[in-house]
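# Descriptive structure summary
Now for the letters of each chain:
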Amino acid sequence: MEQIVDLGHAAVEVAERRTDWERRGLVVGHVTWRDEAAPWPQRLETDRSSVTEPDSIGILITGHGDAQLSVVLFRGGWADIDFIATIDDAGTLPTPDIDSARAFGDLLDRCVARAFGSQGSGRQSTP
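The structure presented is a predicted model; accordingly, all values stated were derived computationally and were not measured. (Residues numbered from 1 in each chain as written. Predicted model: local features only at pLDDT ≥ 70, side-chain atom pairs only at ≥ 80, totals over all residues. Heavy atoms only, no water.)

## Examining the side chain of E13
Quick reminder of the rule: Runs of H or I in DSSP of at least four residues are treated as helices and runs of E of at least two as strands, each being numbered from the N terminus. We call a residue buried when its accessible area falls under 20% of the maximum for its residue type, exposed when it is over 50%, and partly exposed in between, using a 1.4 Å probe and counting protein chains only. Contact criterion: two residues are considered in contact whenever any of their non-hydrogen atoms come within 4.5 Å of each other.
Summarising the element assignment, E13 is placed in helix α1 (residues 7-23). The exposure class of E13 is buried, given its relative accessible area of 13%. Every residue in contact with E13, bar those within four places of it in the chain, is listed here: A101, R102, F104 and G105.

## Re the packing of aromatic side chains
To be explicit about the condition: Within 6.5 Å between ring centres, the rings of Phe, Tyr and Trp (the latter by its six-membered ring) count as paired, and their orientation is classed by plane angle as stacked under 30 degrees, edge-to-face over 60, tilted in between. For a lysine, the NZ atom is tested; for an arginine, the CZ atom; a charge sits over a ring if that atom is within 6 Å of the ring centre and within 35 degrees of the ring normal.
Overall, the coordinates contain one aromatic pair when judged by the stated rule. Considering the side-chain rings of F74 and W78, the 5.2 Å spacing of their centres and the 20 degrees angle between planes classify their relative orientation as stacked. For F74, a relative accessible area of 10% translates into the label buried. Under the relative-accessibility criterion, W78 is labelled partly exposed at 38%. The ring of W33 is capped by R48, whose NZ or CZ atom sits 5.2 Å from the centre of that ring.

## Some details on unusual backbone geometry
Here the amide bond leading from W40 into P41 is cis, since omega sits at -5 degrees, within 30 degrees of zero. Summarising the element assignment, P41 is placed in the loop between β2 (32-35) and β3 (44-45).

## Digging into the pairing of strand β4 (residues 54-62)
Rules: Here, strands pair whenever DSSP counts at least two bridges between them.
Most of β4 is tucked away: seven of the nine residues are buried. Bridge count for β4 against strand β5 (residues 68-74) is seven bridges, and the pairing is antiparallel. For I57, the partnering residue across the bridge sits in β5 and is L73. Here β4 folds back onto β5 in antiparallel fashion, the turn holding five residues, of which G65 has a positive phi close to 65 degrees.

## Overview of the nonpolar core
Note the threshold: Nine residue types can take part in a nonpolar core, namely buried Ala, Val, Leu, Ile, Met, Phe, Trp, Tyr and Cys, and a core is a set of them joined through side-chain atoms within 4.5 Å.
Core analysis: the biggest nonpolar cluster contains 32 residues, and I57, I61, L69, L73 and F104 have the highest contact counts within it. Secondary-structure elements contributing two or more residues to this core are α1, β4, β5, β6 (78-86) and α2 (101-116). Looking at this core, the element that brings in the most residues is α2, giving eight residues. Ignoring anything within four residues of it in the chain, the contact list for I61 reads W21, L26, V27, V28, A67, Q68, L69, V112 and F116.

## Digging into the pattern of salt bridges
For side chains bearing opposite charge, pairing can occur when the charged atoms are close. Definition in use: We define a salt bridge as a contact between a side-chain nitrogen of Lys or Arg and a carboxyl oxygen of Asp or Glu at a distance within 4 Å.
The full count for this structure, using the stated rule, is 10 salt bridges. Notably, a salt bridge pairs D109 with R17, separated by 2.7 Å at the nearest N-O pair. Here the residue D109 occupies a position in helix α2, and R17 occupies one in helix α1, the gap between them amounting to 92 residues. E36 serves as the salt-bridge partner of R75, at 2.5 Å between the closest nitrogen and oxygen. A residue pair is termed long-range when its members are at least 10 positions apart, and R75 in the loop between β5 and β6 and E36 in the loop between β2 and β3 qualify at 39 residues. Here the salt bridges share partners, and the residues they tie into one network are E13, R17 and D109.

## Looking at the environment of I61
Position of I61 among the secondary structure elements: in strand β4. We classify I61 as buried; its relative accessible area is 0%. Between the C-alpha atom of I61 and that of H30, which follows or precedes it by 31 residues, the distance is 9.3 Å.

Structure below.
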């Protein structure tokens, strides 16, 4: 798979937001890495150094009640995003092509706001 997005830089985008999310009461799981070079079924690793050829990273964020957001970013420039905001508001979020780690960070901001409302929104961006 061609690398469009640097997954290491994308993981930094998650790390830069973690404290803010946690301050808002969200529980942020570890970034997981999948190794394309690993035999099937490929395990998800939390230690980047255990992965030879990363092809995706994932993150699970949970909030009050049953609210949760699952994001998997693939190095080819797309993401799988599922959320549960309430029992009556859940699904898959559409995603544009992602061409950089910064675009992934912007996508995370929008998805967290969608899944958790004001509980997860409000990240202060720096220019």
